Amino acid sequence: MRLNLPIVISVALPALFAQPALLENAGTAKDPAISADGRRVAFVSDRDGSGIEHLWVRPLAGGDLRQLTSGRHNDREPAFSPDGRTLAYVSEENGGGIYLIPAAGGKPRLFAQGGRRPRFSPDGRRIAYWVASQSGAGLFEGEVVARKNRPLHAGFHSAKDPVWSPDGKRLIFAGCRTPSTESCDWWVSDTSSEPVAIGAARIFREHHLDGQPSPDLWLSSGNTIVFTARSGENTRLWTLRIAADPWRVEGSAWRLTSGEQDERTPAAGPDGRVLYAIRTQNIDIWSLPLDADSAAPRGRLERLTNDPSIDQRPSLSRDGKRIAWETSRGGNFEVWVKDLVSGRERGITSGPLREHMPALSPDGSKLVYDAHDGEKVTIFESAFEGGEPVRIREENVGQGSFQWTEQGDTVLHFHREPPGTVGLMNLASRKRTVLLRHSKFNLSIADARLSPDGGWIAFPVPVAPHRSRLAVARVSPAAIDNEQNWTYVAPETVNTSQPEWSPNGRWLYFLSDQTGSLAVFAQRLSDGKNPEGAPKAILQFPDAGLTIAEMRPRDIGLTLARDKLALAVAKYSWAIWSVRP
């Protein structure tokens, strides 16, 4: 297939920081890779109209655009072999893994099951990659011709994102010796000797870079590492110089660009240029028609809000005719509501404070939300039709995650006061009753949910950083504070969060990444709330341009009515740019 369609590639500006202008909205164009001779660029796009992301190749200077892969599975992370004849890439096909395909076109072959982010060695004989596991991640090296793969540095709890040095003698990678983040750093090794920590973690802390960034490129012009890291709301390109004997960070980290866009997936060319993708994100509320009591979808995903601002954390009335959510439309987060029958929507709050986490009552006539002013959190009640809100309670430490009881006079809420507690608050008397607490799992119970009859409570329990496991417990007069009093409804190996009960209490809906990407599942429960059968997939996101994969579960805000579910979903568009360090 040959199409003469544009890819957005800017010209680097002669400045301290390159600030290329966006030439056009190219839809999806991301994950660039440049051939070693600098003549071709490969990238990922869904421009064939299928909604599935595949590999495309074209001359870097412009010309015919050729689709290289096809099928029903998304492809990503292409990498040219040094001779330019082969591309390695990651595909979701057959459970996911690294595939090799001739750059001129042909049939792909599986190289490494479960492999991620392949990198050819400079001599083209080997590919370094990593594989995720239930407990962490591991490095591997595979021989391209012999098809022999072997693990590297198996003593690490987590090791990923390897990058070859320009001479092919060493790898740099992100790794953690133990589950503790204090053991995490960047490491340099010659693949056979003990890796050396270079002190990058200290630089990340000094610059307040979120998470644990990974190296992306080791530039041939000196020991310069290009990497992406989140600072504030966006991920941006950074550079870091390293020195040898011993290997260590030299100096500080520097921004490669000065823009405020979301910059990702850099790739280097032989002339010194770096290509990268800029991602544009729009988060809206979407809905799926559903028979909630039988966990049976009845239609396709539909958009409920359409605004360039962030719309997230929705809450539905029981009959599905009304919805509330938080939005950044006013510049600060505010609470809005919408009548889904008439289509009329309006703001409930406005002002300088962050007002968020709304929860509609079962009949949709009223809602509660909280307002943050520094450390002070104030809980309010408002009518759906608007009017002056009622101040319910003010406290110095707390957070909402509210849920109304079926009676409509009490709300379930989380209170972050060590130890964290989930309890009931009577809106008239302001009296609180603790239902659930645990000294170890302080934040996990923030998204607990009561069953419709009020007799059971479901909540996520953390089992590892950014991973949780759903549990169910019977509500009792005394606070639940012992793990012996609850039942897990998902295995420890499956990440689960955001529980929501069906109206009849027989199904528990939740978010999980058990199929490789975050999706909505439902688990049927017995009368004693034990799981019956395997979880049922309710809503998955095969289109990588419309997904919840990178969102925080609490921002997604899964909510359920009798005839639908609603949640926040991110829609992405991408374009490719160029810069010279």
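Residues numbered from 1 in each chain as written. Predicted model: local features only at pLDDT ≥ 70, side-chain atom pairs only at ≥ 80, totals over all residues. Heavy atoms only, no water.

Peer 1: Is there a simple way to think about the side chain of glutamate 500 in this case?
Peer 2: Its location among the elements puts glutamate 500 in strand S42 (residues 496-501). Polar side-chain contacts of glutamate 500 include one of 3.0 Å to the side chain of arginine 449. (Helix = DSSP H or I, 4+ residues; strand = E, 2+ residues; numbered from the N terminus. Polar contact = N/O pair within 3.5 Å; in protein donor to acceptor, adjacent residues only side chain to side chain.)

Peer 1: What am I meant to see in the pairing of strand S13 (residues 149-152) here?
Peer 2: A regular strand places its side chains so that they alternate between the two faces of the sheet. In the sheet, strand S12 (residues 137-143) pairs with S13 via four bridges, with the strands oriented antiparallel. Residue pairing across strands places glutamate 141 opposite arginine 150, the latter belonging to S13. Counting the residues between successive antiparallel strands, the hairpin from S12 to S13 contains five residues, one of them, arginine 147, with a positive phi of roughly 60°. (Pairing = 2+ DSSP bridges.)

Peer 1: Explanation requested: the sheet that holds strand S21 (residues 248-255) in the structure shown.
Peer 2: Strands in a sheet are paired, the pairing made by backbone hydrogen bonds, and the direction either parallel or antiparallel. Read from one edge to the other, the open sheet built from four strands follows the order S18-S19-S20-S21, with strand pairing classed as antiparallel. What marks the edges here is a single partner per strand, and that holds for strand S18 (215-219) and S21. Each adjacent strand pair in this sheet contributes to an overall mean axis angle of 30°, direction not counted. Looking at chain direction, S18 and strand S19 (residues 224-231) are connected through four bridges and run antiparallel. Each residue of the ladder has a partner; that of leucine 217, found in S19, is valine 226. (Axes fitted to C-alpha atoms, helices over the stretch in contact; angles between N-to-C directions.)

Peer 1: Help me out: how do you make sense of unusual backbone geometry in this one?
Peer 2: Glycine aside, residues mostly have negative phi angles, and peptide bonds mostly take the trans form. The omega angle of the peptide bond from aspartate 245 to proline 246 is -5°, so this bond is cis rather than trans. Along the polypeptide, proline 246 turns up in the loop between strand S20 (234-243) and S21. The backbone phi angle of methionine 357 is positive, close to 55°, even though this residue is not glycine. Positionally, methionine 357 belongs in strand S30 (residues 354-360). Take methionine 357: its relative accessible area is 7%, and that puts it in the buried class. If you check the backbone angles, lysine 529 has positive phi at about 65° while not being a glycine. With respect to the helices and strands, the residue lysine 529 is situated in the loop between strand S44 (519-524) and strand S45 (536-539). (Buried < 20%, exposed > 50% of the residue type's maximum accessible area, 1.4 Å probe, protein only.)

Peer 1: When you look at the state of the cysteines in this model, what are you seeing that I'm missing?
Peer 2: Here, disulfide denotes a covalent bond that connects the sulfur atoms of two cysteines. Counting across every chain of the model gives one disulfide. The disulfide partner of cysteine 176 is cysteine 184, and the gap between their sulfur atoms is 1.9 Å. One disulfide, between cysteine 176 and cysteine 184, carries an S-S torsion of 105° and so falls in the right-handed class. Taking relative accessible area as the criterion, cysteine 176 reaches 8% and is therefore assigned buried. Overall, the relative accessible area of 10% leaves cysteine 184 in the buried class. (Disulfide = S-S within 2.5 Å.)

Peer 1: What is the right way to look at the sheet that holds strand S29 (residues 345-347) in this model?
Peer 2: Here four strands make up an open sheet; going across it, the order is S26-S27-S28-S29 and the pairing antiparallel. Where the open sheet ends on each side, the last strands, each with one partner, are strand S26 (311-316) and S29. Across the sheet, the mean angle from the axis of one strand to that of its neighbour is 25°, orientation sign disregarded. Sheet analysis places strand S27 (residues 322-327) next to strand S28 (residues 334-339), joined by six bridges and oriented antiparallel.

Peer 1: Explanation requested: the environment of phenylalanine 173 in the structure shown.
Peer 2: For phenylalanine 173, the location among the structural elements is in strand S15 (residues 171-176). Sequence-wise, phenylalanine 173 and serine 512 are 339 residues apart; in three dimensions their C-alpha atoms are separated by 28 Å.

Peer 1: Teacher, can you tell me more about the pattern of salt bridges here?
Peer 2: Within this structure, the stated rule accounts for 36 salt bridges. The partner of arginine 313 in a salt bridge is glutamate 326, with the nearest N and O atoms 3.5 Å apart. Of this pair, arginine 313 sits in strand S26 while glutamate 326 is found in strand S27, placing the two residues 13 residues apart along the sequence. Here arginine 313 falls in the buried class, since its relative accessible area comes to 8%. Several salt bridges converge on common partners, so that one network encompasses Asp307, Asp311, Arg329, Lys338 and Glu345. (Salt bridge = Lys/Arg side-chain N within 4 Å of Asp/Glu carboxyl O.)

Peer 1: Quick question: what am I supposed to make of the side chain of glutamate 334 here?
Peer 2: Position of glutamate 334 among the secondary structure elements: in strand S28. Buried charge without a salt bridge: glutamate 334, with arginine 329 as the nearest opposite-charge side chain at an N-O distance of 8.1 Å. With residues near it in sequence (within four places) discarded, glutamate 334 still touches Trp325, Glu326, Thr327, Thr349, Ser350, Gly351 and Glu355. (Lys, Arg positive; Asp, Glu negative; His and termini not counted. Contact = heavy atoms within 4.5 Å.)

Peer 1: Can you walk me through the environment of glycine 211 in this structure?
Peer 2: One can find glycine 211 in the loop between helix H1 (200-206) and S18. Sequence-wise, glycine 211 and glycine 136 are 75 residues apart; in three dimensions their C-alpha atoms are separated by 15 Å.

Peer 1: Honestly, the nonpolar core in this entry has me stumped. Any pointers?
Peer 2: Note that soluble globular proteins tend to have their nonpolar side chains buried in a common cluster. Grouped together as the largest cluster of nonpolar side chains are 37 residues, with contacts concentrated most on Tyr509, Val520, Ile538, Ile548, Leu565 and Leu567. Sorting the residues of this core by element identifies strand S23 (274-291), S27, strand S43 (507-512), S44, S45 and strand S48 (564-579) as the ones contributing at least two each. In terms of residue count, S48 provides more of this core than any other element does, eight residues in total. (Core = buried A, V, L, I, M, F, W, Y, C linked by side-chain atoms within 4.5 Å.)

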